[in-house]
Amino acid sequence: MVTSASSVASPPQAAGPARAIGDRRQLERLALPGTPWETPVLINRSGEPGPSVMILGGVHGNEPGSWAAAEVIADWMPDRGVTVVIPRANIVATHALERTLPELGDLNRFYPGEPLESTEAFPMQWMAYSIVELAREFEVGLLLDLHESWGFFNERTENGTAFLGQTVTNGADVSETPRIEAVTDTVNALISDREQLVLRDRDRNRFATVTQRPPFDPSWPTGGTSSLGLDQFVPGLVPVLVEMGQQGQPEARRSELHQLVVESALRHEGLLIA
Ligand SMILES: [Zn+2]
């Protein structure tokens, strides 16, 4: 039984205090601390000036390659700048191995979320709010939201979210597309023909990236957008959706490919050197 948001007495915090780990350059905080949905936020501070990059895994609980990768990435220390990693954004759903649960709501349809004082919110509306707050606090310039689809985009028999495997998409600002294409070009040179990543902004069949209301409760009044709309709420943020295909591709490989994309992005953004 999952607790509903309305059963939490007082408003939770977006993110709790920081706890230093190891050499103190890595900090751990909790998003929505003290609630059933609290989840670790790992902050890796190089100590050198540079960009902030946020990485989300486990936004959907039936996409295990995303959090398997993010849990590895959470321990990477950048050479410059800062990474902010939330490996299991919807942690209850990851334990249930379900995309989400009706009482939680779909995090990736809820941005910019609902303020924590809003007691009628779905818990994942609070999480969306917390992610926006963290992105603003760290002045995140690039957000990599790791997901999995079923089919591979290049093998699709129809358009739809079931065939987004091996795609990378950036948000509405297509002037940023070359920046993302540099990342996919780097990764594509390292992987097999079937694994090749498609930059959806370069594909005329781009679809399903705009505002959607929560599918399980069409009467819900507030709706929201996916992470690809986060640039509307965090100045300077470029959102990127990374999808790996589950069909005929083991979880371990999906995790490796997610890690390759993130590593390549961190190199192109100047956080990783050498
Ligand atoms: Zn997903």
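See the structure shown above.
Residues numbered from 1 in each chain as written. Predicted model: local features only at pLDDT ≥ 70, side-chain atom pairs only at ≥ 80, totals over all residues. Heavy atoms only, no water.

## Let's talk about the packing of helix 4 (residues 177–188) against helix 5 (residues 251–268)
The condition is simple: An axis is simply a line fitted to the C-alpha atoms; with a helix, the fit covers only the stretch in contact. Between two such axes, the angle follows the N-to-C directions and lies from 0 to 180 degrees. Each helix corresponds to a stretch of at least 4 residues labelled H or I by DSSP, and each strand to a stretch of at least 2 residues labelled E; elements are numbered beginning at the N terminus. What sets the label is the angle itself: under 35 degrees gives roughly parallel, over 145 gives roughly antiparallel, 65 to 115 gives roughly perpendicular, and the rest give oblique. What makes a crossing left-handed is the near helix being turned counterclockwise from the far one by less than a right angle; a clockwise turn instead makes it right-handed. In this analysis, two residues are considered to be in contact whenever any of their non-hydrogen atoms come within 4.5 Å of each other. Charged means Asp, Glu, Lys or Arg here, nonpolar means Ala, Val, Leu, Ile, Met, Phe, Trp, Tyr, Cys or Pro, and polar covers whatever is left, Gly included.
Running from N to C, helix 4 and helix 5 point in directions that differ by 125°, and their axes come no closer than 9 Å. Classified by the angle their axes make, helix 4 and helix 5 are oblique. Every pair of crossing elements has a handedness; the one defined by helix 4 and helix 5 is right-handed. In this structure, helix 4 contributes Ala-182, Val-183, Thr-186 and Val-187 to the contact, and helix 5 contributes Leu-260, Val-261, Ser-264, Ala-265 and His-268. Taken together, the residues that form the contact of helix 4 with helix 5 break down as six nonpolar, three polar and no charged.

## Observations regarding the sheet that holds strand 4 (residues 52–56)
Defined as follows: Criterion used throughout: strands pair if DSSP finds at least two bridges between them.
Pairing is mixed across the open sheet formed by nine strands, whose spatial order is 1-2-3-5-4-6-9-7-8. Of all the strands in the sheet, the pair left with one neighbour each is strand 1 (19–21) and strand 8 (198–199). The strands that helix 1 (residues 64–73) touches are strand 3 (39–45), strand 4, strand 5 (82–86) and strand 6 (142–149); relative to strand 6, the one it contacts most, it runs at about 140°.

## Brief notes about the packing of aromatic side chains
What counts, and what does not: The criterion for an aromatic pair is that two Phe, Tyr or Trp rings (for Trp, the six-membered ring) have centres within 6.5 Å, with stacked assigned to planes under 30 degrees apart, edge-to-face to planes over 60 apart and tilted to the rest. The buried label goes to any residue with under 20% of its type's maximum accessible area, the exposed label to any with over 50%, and the partly exposed label to all in between, with areas taken from a 1.4 Å probe on protein chains only. A ring is considered to have a charge above it if a Lys NZ or an Arg CZ atom is located within 6 Å of its centre and within 35 degrees of its normal.
Tallied over the full model, the rule gives two aromatic pairs. Seen from their ring centres, Trp-37 and Trp-126 are 6.0 Å apart, and the 65° between their planes marks the pair as edge-to-face. Here Trp-37 is found in the loop between strand 2 (26–31) and strand 3, whereas its partner Trp-126 is found in helix 3 (residues 123–137), with 89 residues between them in sequence. Trp-126 matches Trp-37 in its accessibility class, with the two residues each being buried. Taking 5.7 Å as the distance between ring centres and 20° as the angle between the ring planes, the aromatic pair formed by Phe-110 and Phe-122 counts as stacked. Here Phe-110 is found in the loop between helix 2 (91–96) and helix 3, whereas its partner Phe-122 is found in the loop between helix 2 and helix 3, with twelve residues between them in sequence. Residue classification places Phe-110 among the buried positions, given a relative accessible area of 1%. The ring centre of Phe-153 lies 3.9 Å from the NZ or CZ of Arg-156, which sits over that ring. Between Arg-194 and the ring centre of Phe-152, over which it is positioned, the NZ or CZ distance is 3.6 Å.

Read these as geometric descriptors, not functional statements.
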